Amino acid sequence: MSPRDTMLDFDHYLAELRGEVDDFLDRHLPEEDTYPPSIHNAVRYSLFAGGKRLRPVLTLAAAEAVGGRREDALPAAAALEMIHTYSLIHDDLPAMDDDDLRRGKPTSHIVFGEAIAILAGDALLTHAFHVLATACLSSDHANRDADARRLRAVAVLASAAGMKGMIGGQVVDLESEGKTVDAATLDRLHRMKTGALMEAAAHLGALLGGGSDESIERLSGYGREVGLAFQIVDDLLDREGNPADLGKSAGKDLKAGKATYPAIHGSEQARRRAKELAERAIEMVRPFGPRAEPLTLLARRIVERSS
């Protein structure tokens, strides 16, 4: 198969997984006209604004890499996307990054006002855990190992989204604005703010796919490395990218005095670091053989992307 055919097959694979995630999300959210409609409109507006679905795709691909079934990991994949979207809604608020464009559309607070935007983010965070917990409760409980894995999944996601993960990273990001930040702090910041959810995505897929402790560790490591690579590329795109391609404002990190990889290391070194991280991630999943091919292609897509 030629590289072009491989890419076309991978694009089809990504579209298939995104479709499964979107269908699941649609089925597990209240309809827009459910009372009170303003909150359901706001939730659906941001959640179905056309995101990459990278985190849920990573979860489903990790489940398959360990020989598991996508459907067993689908509630966790959807929960991840809800938490990611909530974080974007809150990130865009005037008190945070103060952005008016996200995924090529006006941000939630521009369309619905700050109060409803805040509540839409809160609703997505709480509903994510409702969906994940409901999946635990709806099992037949005949398999105690599967029940234990579902319970562990709740703890993994809560930790990644909380003070030791994404929220803690956001705090460090805000407190670092306009300050001189060393390379170690920058790594820690981005491994928390962006990397924690990416690591959790791979961890959850391996866990719910029935993977061994060693497999879970390997895939968590993969998520950890591609998570940092993703953020480095994000930093580069904010500096060099086209807003039309990005679907959001460019150049805001520099204006806000944020700590970024190009600012500290320079663009070329940052680009090299992203590629090295991606290759390290690929090495981590090589023992899974052909089942890891989507993860290999995903890691390379992350560092080659233009949006």
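Refer to the preceding data block for the structure.
Residues numbered from 1 in each chain as written. Predicted model: local features only at pLDDT ≥ 70, side-chain atom pairs only at ≥ 80, totals over all residues. Heavy atoms only, no water.

## A closer look at helix 6 (residues 114–137)
Because an α-helix packs 3.6 residues into every turn, residues spaced three or four apart end up facing the same way. Inclusion rule: Put simply, DSSP marks the helices as runs of H or I at least four residues long and the strands as runs of E at least two long, and each gets a number from the N terminus on. A helix is expected to span 1.5 Å multiplied by its residue count minus one. Here's how the labels work: a residue is buried when its accessible area is under 20% of the maximum for its type, exposed when over 50%, partly exposed in between, all with a 1.4 Å probe on protein chains only.
End to end, helix 6 covers 35 Å across 24 residues, agreeing with the expected 34 Å (1.5 Å per residue, within 8%). Within helix 6, burial applies to Ala117, Ala120, Gly121, Leu124, His127, Ala128, Val131, Leu132 and Cys136.

## Re the side chain of Ser108
Structurally, the position occupied by Ser108 is in helix 5 (residues 108–112). Of the residues examined, Ser108 reaches a relative accessible area of 5% and is grouped as buried.

## Description of the pattern of salt bridges
Selection rule: Salt bridges, as used here, are contacts in which a Lys or Arg side-chain nitrogen is within 4 Å of a carboxyl oxygen on Asp or Glu.
Evaluated as defined, the whole model comprises 28 salt bridges. Ionic pairing is found between Glu81 and Arg103, a salt bridge with its closest N-O pair at 3.4 Å. Remark: Arg103 occurs in the loop between strand 1 (101–102) and strand 2 (105–106) and Glu81 occurs in helix 4 (residues 70–91); sequence separation between them is 22 residues. Comparing Glu81 with Arg103, the two get one shared label, buried. Residue Arg224 pairs with Glu199 through a salt bridge whose shortest N-O separation is 2.8 Å. Taken as a pair, Arg224 in helix 10 (residues 213–240) and Glu199 in helix 9 (residues 183–208) lie far apart in primary sequence, 25 residues in all. The partly exposed category is assigned to Arg224, whose relative accessible area is 27%. One salt-bridge network, held together by shared partners, links Asp97, Asp173, Glu177, Lys193 and Lys258.

## Topic: the packing of helix 14 (residues 267–285) against helix 15 (residues 293–304)
Our working definition: Orientation is described by axes fitted as lines to C-alpha atoms, over the contacting stretch for helices, and by angles from 0 to 180 degrees between their N-to-C directions. Oblique is the label for any angle not covered by the other classes, which are roughly parallel (under 35 degrees), roughly antiparallel (over 145) and roughly perpendicular (65 to 115). We call two residues contacting when some pair of their heavy atoms lies within 4.5 Å. Each residue gets one of three labels, nonpolar for Ala, Val, Leu, Ile, Met, Phe, Trp, Tyr, Cys and Pro, charged for Asp, Glu, Lys and Arg, and polar for the others, Gly among them.
One can describe the packing of helix 14 onto helix 15 by two numbers: an axis separation of 9 Å at closest approach and a directional angle of 175°. By the angle between their directions, the pair helix 14 and helix 15 is classed as roughly antiparallel. In contact with Ala274, Lys275, Ala278, Glu279, Ile282 and Val285 of helix 14, helix 15 contributes Leu295, Thr296, Ala299, Arg300 and Val303. Looking at the contact of helix 14 with helix 15 residue by residue, the class counts come to 7 nonpolar, 1 polar and 3 charged.

## So, the packing of helix 3 (residues 54–65) against helix 4
Definition in use: Take the far helix as the reference: if the near one is turned anticlockwise from it by less than a right angle, the crossing is left-handed, and if turned clockwise, right-handed.
Contact geometry of helix 3 with helix 4 gives a least axis separation of 8 Å together with a crossing angle of 160°. Accordingly, the angle class assigned to the pair helix 3 and helix 4 is roughly antiparallel. Handedness of the crossing formed by helix 3 with helix 4: right-handed. Facing helix 3, whose interface residues are Arg55, Pro56, Thr59, Leu60, Ala63 and Glu64, helix 4 presents Arg70, Ala73, Leu74, Ala77, Leu80, Glu81 and His84. The residue inventory of the contact of helix 3 with helix 4, partitioned by class, reads 7 nonpolar, 2 polar and 4 charged.

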